Amino acid sequence: MEREPTEFESSVYEALCRVPAGKVVTYKILGDAIGCGSGRAIGNAMRNNPYAPEVPCHRVILSNHKIGGFMGDVIGDKIEKKRDLLEKEGVNFDDEGNLLDANCLLASVPSE
DNA sequence: GCGCTTATCGCAC
DNA sequence: GTGCGATAAGCGC
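Residues numbered from 1 in each chain as written. Chains lettered and ligands numbered in written order. Predicted model: local features only at pLDDT ≥ 70, side-chain atom pairs only at ≥ 80, totals over all residues. Heavy atoms only, no water.

## Thoughts on the protein's contact with DNA strand B
Near DNA strand B, the surroundings consist of Arg3, Thr6, Phe8, Glu9, Cys36, Ser38, Arg40, Ala41 and Asn44. The protein-proximal atoms of DNA strand B, defined as those within 4 Å of the protein, are 61% sugar or phosphate. Here Thr6 contributes a side-chain N or O atom positioned 2.5 Å from a phosphate oxygen of DNA strand B. At 2.6 Å, a side-chain N or O of Asn44 approaches a base nitrogen of DNA strand B. Those elements that place two or more of their residues in the surface near DNA strand B are helix 1 (7-18) and helix 3 (39-48). In terms of residue class, the surface near DNA strand B is built from three nonpolar, three polar and three charged. (Near = heavy atom within 4 Å. Polar contact = N/O pair within 3.5 Å; in protein donor to acceptor, adjacent residues only side chain to side chain. Helix = DSSP H or I, 4+ residues; strand = E, 2+ residues; numbered from the N terminus. Nonpolar A, V, L, I, M, F, W, Y, C, P; charged D, E, K, R; others polar.)

Below, the structure is given as structure tokens:
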């Protein structure tokens, strides 16, 4: 259920908001941006995701350039839908949900 | 190169 | 204090 995001989770959303459209970041990169060494903690915030349409959680992928999950579903039809959405932004994924253009992957989250 | 297991971090119960 | 989660990295084969 939608729990109130803690300061840590807010940092995740904030860092994610710094990611420009057409670009994606991995849990590791996002975690490094906020000072977290575990992607699971990031996934916790994403899973909570009270700002689903506001926070581009679909711009966050696994370290292996994979989409991973979306909107609570680790893998499902939602992924295909978001995959197409990302393609519209300039991020292309294959049928397996893998990132085709690694160029779209941000090396790190831009600081303010 | 691919697959499985362990480790890690934060949050909720 | 224990368990869960949208992962990451390491080790083995």
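## A word on the nonpolar core
Formed by 29 residues in total, the largest nonpolar core has its most connected members in Leu16, Val25, Leu30 and Met46. For this core, the secondary structure elements donating two or more residues are helix 1, helix 2 (27-34), helix 3, strand 2 (60-61) and helix 4 (77-89). At four residues, the largest contribution of residues to this core is made by helix 1. With sequence-adjacent residues up to four places away left out, Leu30 is seen in contact with Val12, Ala15, Leu16, Val25, Ile42, Met46, Val60 and Val109. (Core = buried A, V, L, I, M, F, W, Y, C linked by side-chain atoms within 4.5 Å. Buried < 20%, exposed > 50% of the residue type's maximum accessible area, 1.4 Å probe, protein only. Contact = heavy atoms within 4.5 Å.)

## Topic: the pattern of salt bridges
According to the stated counting rule, one finds four salt bridges in the structure shown. The salt bridge partner of Lys78 is Asp73, with a shortest N-O separation of 2.3 Å. Taking relative accessible area as the criterion, Lys78 reaches 30% and is therefore assigned partly exposed. Judged by its relative accessible area of 30%, Asp73 falls in the partly exposed class. (Salt bridge = Lys/Arg side-chain N within 4 Å of Asp/Glu carboxyl O.)

## Some words on the protein's contact with DNA strand C
Neighbouring DNA strand C are 15 residues; Tyr27, Arg40, Asn44, Met46 and Arg47 lie closest to it. Atoms of DNA strand C within 4 Å of the protein: sugar and phosphate make up 45%, bases the balance. Interatomic distance of 2.8 Å between a side-chain N/O atom of Asn44 and a base nitrogen of DNA strand C. Those elements that place two or more of their residues in the surface near DNA strand C are helix 2 and helix 3. Here the surface near DNA strand C takes seven residues from helix 3, the largest share from any one element. Here the residues of the surface near DNA strand C sort into six nonpolar, six polar and three charged.

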